[in-house]
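Understanding the architecture of this molecule
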Amino acid sequence: MREQLVFRAISDPTRRSIMAMLSDGERSLNDITANYEMTRPAVAKHLKILERGGLISVRSQGRERLHRLQPDALKTVADWVNFFSQFWDEKLENLKQAVEMDDE
């Protein structure tokens, strides 16, 4: 289930953009919203999806809630990509061998 939440969260370009922004450090909802042409509630909805996926965490500081990237959650994505990369590695190796044989 957690895996589905991670992939759902990263499927949207706005959420990926928010994650990139948070890679520079914590941001408040107002700071994040200022970078997009959408309403605060729309940005808050994106943040909630990222939080459910474990890709960001939220902490309170006074009256503000600060959002922070949790890059360890991307391990799920990296593991999935790495699993399928073995197939590409094999195909690329076969292509390399075929090209080298043609060169001889």
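It should be noted that the structure appears before, not after, this text.
Residues numbered from 1 in each chain as written. Predicted model: local features only at pLDDT ≥ 70, side-chain atom pairs only at ≥ 80, totals over all residues. Heavy atoms only, no water.

Next up on the list: the nonpolar core. Counting 19 residues, the largest nonpolar core has I18, M19, L22, I32, L47, L50 and L55 as its most contacted members. Those residues in contact with I32, other than ones at most four positions away along the chain, are I18, M21, L22, R27, V43, L47 and H67. (Core = buried A, V, L, I, M, F, W, Y, C linked by side-chain atoms within 4.5 Å. Buried < 20%, exposed > 50% of the residue type's maximum accessible area, 1.4 Å probe, protein only. Contact = heavy atoms within 4.5 Å.)

Once that is clear, we can look at a nonpolar patch on the surface. A contiguous nonpolar patch, built from W80, V81, F83, F84 and F87 and spanning about 500 Å² of accessible area, is present on the exposed surface. Along the chain, W80 turns up in helix α5 (residues 75-103). By relative accessible area, W80 is classed as partly exposed at 45%. (Patch = residues over 30% accessible without salt bridge, like charges linked within 9 Å, V, L, I, M, F, W, Y side chains within 5 Å. Areas by Shrake-Rupley, 256 points an atom, 1.4 Å probe, with all protein chains shown as cover. Salt bridge = Lys/Arg side-chain N within 4 Å of Asp/Glu carboxyl O. Helix = DSSP H or I, 4+ residues; strand = E, 2+ residues; numbered from the N terminus.)

A few words on the environment of L5. Mapped onto the secondary structure, L5 falls in helix α1 (residues 2-10). In this structure, L5 is in contact with R52 and G53, ignoring residues within four places of it in sequence.

As a further point, take the pairing of strand β2 (residues 56-61). Pairing of β2 with strand β3 (residues 64-69), which is carried by six bridges, proceeds in the antiparallel orientation. Bridge pairing links R59 to L66 in β3. Between β2 and the antiparallel strand that follows it, β3, lie two residues; G62 among them carries a positive phi value of about 65 degrees. (Pairing = 2+ DSSP bridges.)

Our next topic: the packing of α1 against helix α4 (residues 40-52). Two numbers describe how α1 lies on α4: the axes approach to 8 Å, and their chain directions differ by 145 degrees. Of the two elements, α1 crosses α4, and the hand of that crossing is left-handed. Contacts between α1 and α4 involve R2, L5, R8 and A9 from the first element and I49, L50 and R52 from the second. In the contact of α1 with α4, the residues fall into four nonpolar, no polar and three charged. (Axes fitted to C-alpha atoms, helices over the stretch in contact; angles between N-to-C directions. Left-handed = near helix turned anticlockwise from the far one by under 90°. Nonpolar A, V, L, I, M, F, W, Y, C, P; charged D, E, K, R; others polar.)

Closest axis-to-axis distance for the helix α2 (residues 13-22)/α4 pair is 10 Å, and the angle between their directions is 75 degrees. The angle between the axes of α2 and α4 places the two elements in the roughly perpendicular class. Contacts between α2 and α4 involve T14, R15, I18 and M19 on the former and, on the latter, H46, L47, I49 and L50. Looking at side-chain class alone, the contact of α2 with α4 contains five nonpolar, two polar and one charged residues. (Parallel < 35°, antiparallel > 145°, perpendicular 65-115°, else oblique.)

What follows is about the sheet that holds β2. The strand order across the open sheet built from three strands is β1-β3-β2, with neighbouring strands paired in antiparallel fashion. What marks the edges here is a single partner per strand, and that holds for β1 (27-28) and β2. In terms of strand pairing, β1 meets β3 through two bridges, oriented antiparallel. Considered in β3, the bridge of S28 is made with L66. Relative to β3, α2 is tilted by about 95 degrees, and along the sheet it contacts β1, β2 and β3. Here α4 sits on the sheet in contact with β2 and β3, set at roughly 115 degrees to β2.

Keep in mind these values describe shape, not function.
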